[in-house]
Amino acid sequence: MTKEDLKAGRCYRAKKPRNVRGFYNDRQVKRLTETQVQYDGPAVAWGRKYPLVSIEKFLAWASHDVTDDLPPGEWQDFHD
């Protein structure tokens, strides 16, 4: 993946997916700037601010876009 592949509102899966409260630890891009990505996901606790990381760090974590594979308005259940 490259910086150009990232789009606000899209969800991305980790290179090494993990189980977070029964869901994949996917991340949905909320905001994208020239140098940073702000995201939401099952690993972000209720009431917490959305994490803000560098684009390089996000790309090192991300494997591919899974937005079209997710149930509408939900996170995907984790399965082995």
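Look a little higher up for the structure.
Summarised in this report is the structure supplied together with it. In this text the structure is predicted, and so the values were computed from the model without any measurement.

A short note on the pairing of strand 4 (residues 27-32)
Phase 1: In the sheet, strand 1 (residues 11-14) pairs with strand 4 via two bridges, with the strands oriented antiparallel. Paired with Y12 across the bridge in strand 4 is R27.

Focus on the sheet that holds strand 6 (residues 52-54)
Phase 1: Strand order across the open sheet formed by five strands is 6-5-4-1-7, with antiparallel pairing between neighbours. Of all strands in the sheet, those with a lone pairing partner are strand 6 and strand 7 (62-65), marking the two edges. Direction aside, the axes of adjacent strands within the sheet are offset by 45° on average.

Side note on the packing of aromatic side chains
Working definition: an aromatic ring pair is given by the centre-to-centre distance plus the angle between the planes.
Phase 1: Inspection of every chain in the model, using the stated rule, returns four aromatic pairs.
Phase 2: Aromatic pair Y12 and F58: ring centres 5.9 Å apart, planes at 90°, arrangement edge-to-face. Residue Y12 is located in strand 1, and its partner F58 is located in helix 1 (residues 55-61); the two are separated by 46 residues in the primary sequence. For the pair Y12 and F58, one class covers both residues: buried.
Phase 3: Between Y39 and F58 the ring centres are 6.2 Å apart and the planes differ by 50°, which places this aromatic pair in the tilted class. Residue Y39 is found in strand 5 (residues 36-40), and its partner F58 is found in helix 1; the two are separated by 19 residues along the sequence. Considered together, Y39 and F58 belong to a single accessibility category, that of buried residues.
Phase 4: Through a chain of ring-to-ring contacts, the aromatic side chains of Y12, Y39, F58 and W61 assemble into a single cluster.
Phase 5: The residue whose ring lies beneath R13 is Y24, and the NZ or CZ to ring-centre distance is 3.9 Å.
Phase 6: Looking at R27, its charged tip hangs above the ring of W61, at a distance of 4.0 Å from the centre.

Topic: the environment of D5
Phase 1: With respect to the helices and strands, D5 occurs in the segment before strand 1.
Phase 2: Accessibility expressed as a relative area gives 39% for D5, which makes it partly exposed.
Phase 3: There is a polar contact of 2.8 Å between the side chain of D5 and the backbone nitrogen of T2.

Here we look at the pairing of strand 1
Phase 1: As paired strands, strand 1 and strand 7 are joined by three bridges and run antiparallel to one another. Across the sheet, residue Y12 finds its bridge partner in strand 7, namely D65.

Rules behind the numbers
- Every chain is numbered independently, its residues counted from 1 as its sequence is written.
- Reporting of local features is limited, given that this is a predicted model, to residues whose pLDDT is at least 70; pairs of side-chain atoms are given and counted only at 80 or more, and all residues count toward the totals for whole chains, interfaces and linings.
- The basis for the side-chain values is all heavy atoms of the structure; hydrogens and waters are excluded.
- In this description, strands pair whenever DSSP reports at least two bridges between them.
- Numbering goes from the N terminus for both helices and strands, where a helix is a DSSP run of H or I of at least four residues and a strand is a run of E of at least two.
- Every angle, taken between N-to-C directions, lies between 0 and 180 degrees, and every axis is a line fitted to C-alpha atoms, over only the stretch in contact when it is a helix.
- Working definition: a ring pair exists when centres of Phe, Tyr or Trp rings (six-membered ring for Trp) sit within 6.5 Å. Plane angles under 30 degrees give stacked, over 60 give edge-to-face, the rest tilted.
- Buried means the residue's accessible area, taken with a 1.4 Å probe over protein chains only, is under 20% of the maximum for its type, while exposed means over 50%, and partly exposed covers the values in between.
- Charge over a ring is defined by NZ of Lys or CZ of Arg lying within 6 Å of the ring centre and within 35 degrees of the ring normal.
- In protein, a polar contact requires one atom able to donate a hydrogen and another able to accept it; more generally it is a pair of N or O atoms within 3.5 Å, and residues adjacent in sequence count only if both atoms are side-chain atoms.

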